[in-house]
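Chain residues, written in single-letter form:
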Amino acid sequence: MQIKVIRATVEDAEEILSLQKLAYQSEAEIYNDYTILPLHETVKDVEQAFGTHHILKAVNEKNEIVGSVRGKHEEGTTTIGKLMVHPSAQNQGLGRKLMTAIEQALPATTYKLFTGSKSEKNLALYQKLGYEIVSHAQLPGEATVFAFLEKPTIS
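Basis of the calculations
Residues numbered from 1 in each chain as written. Predicted model: local features only at pLDDT ≥ 70, side-chain atom pairs only at ≥ 80, totals over all residues. Heavy atoms only, no water. Helix = DSSP H or I, 4+ residues; strand = E, 2+ residues; numbered from the N terminus. Buried < 20%, exposed > 50% of the residue type's maximum accessible area, 1.4 Å probe, protein only. Pairing = 2+ DSSP bridges. Axes fitted to C-alpha atoms, helices over the stretch in contact; angles between N-to-C directions. Contact = heavy atoms within 4.5 Å.

Asker: Requested: an account of unusual backbone geometry, with residues and values cited.
Answerer: Positive phi is not limited to glycine here, since Asn63 has a value of about 65°. By the secondary structure assignment, Asn63 is in the loop between β2 (54-59) and β3 (65-74). Looking at Asn63, the relative accessible area reads 51%, which means it is exposed. We note that Glu75 has phi near 50°; this positive angle belongs to a residue other than glycine. Its place among the elements puts Glu75 in the loop between β3 and β4 (77-85).

Structure follows, in structure tokens:
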């Protein structure tokens, strides 16, 4: 499968949201919680994210979006979120490719992200990429306990 990672545009919001709802089903299953935010966001929510975040998409040879990630850079820190890969494209290095691309697009002294504390595949990926768990906490309105990870850059 030939994959390109490029910057997404607001016109991609609907397709990214469809992918998000599909990709986050597995997270909802882990926690038996289908109220998680990624499953309930709207096209408008994703469109608004383009105003504050750098959003990348991974497209296949048919120009279908099979992955996405977003980042926000503030005061030397890049916060990464919404890493998603289509179930048919998982376990092929695409998550790693998207993470590398967002880090290159938004250079920082520290990278931060969070994932569900029971999301073993996500945690394994992030730790392979140099992220370390710094804390566990719940977010307001969420039942899930999240693992918060950070990766300092080597200067």
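Asker: Explain the sheet that holds strand β5 (residues 110-116) to me, using residue names and the numbers behind them.
Answerer: The strand order across the open sheet formed by 7 strands is β1-β2-β3-β4-β5-β7-β6, and the pairing between neighbours is mixed. Every interior strand has two partners, whereas the edge strands, β1 (4-7) and β6 (132-138), have only one. Strand-to-strand twist across the sheet, computed as the mean angle between neighbouring axes with direction ignored, equals 25°. Note: β4 against β5, 3 bridges, orientation parallel. Residue pairing across strands places Thr78 opposite Tyr111, the latter belonging to β5. Where helix α1 (residues 13-23) meets the sheet, its contacts fall on β2, β3 and β4, and the angle it forms with β3 comes to roughly 100°.

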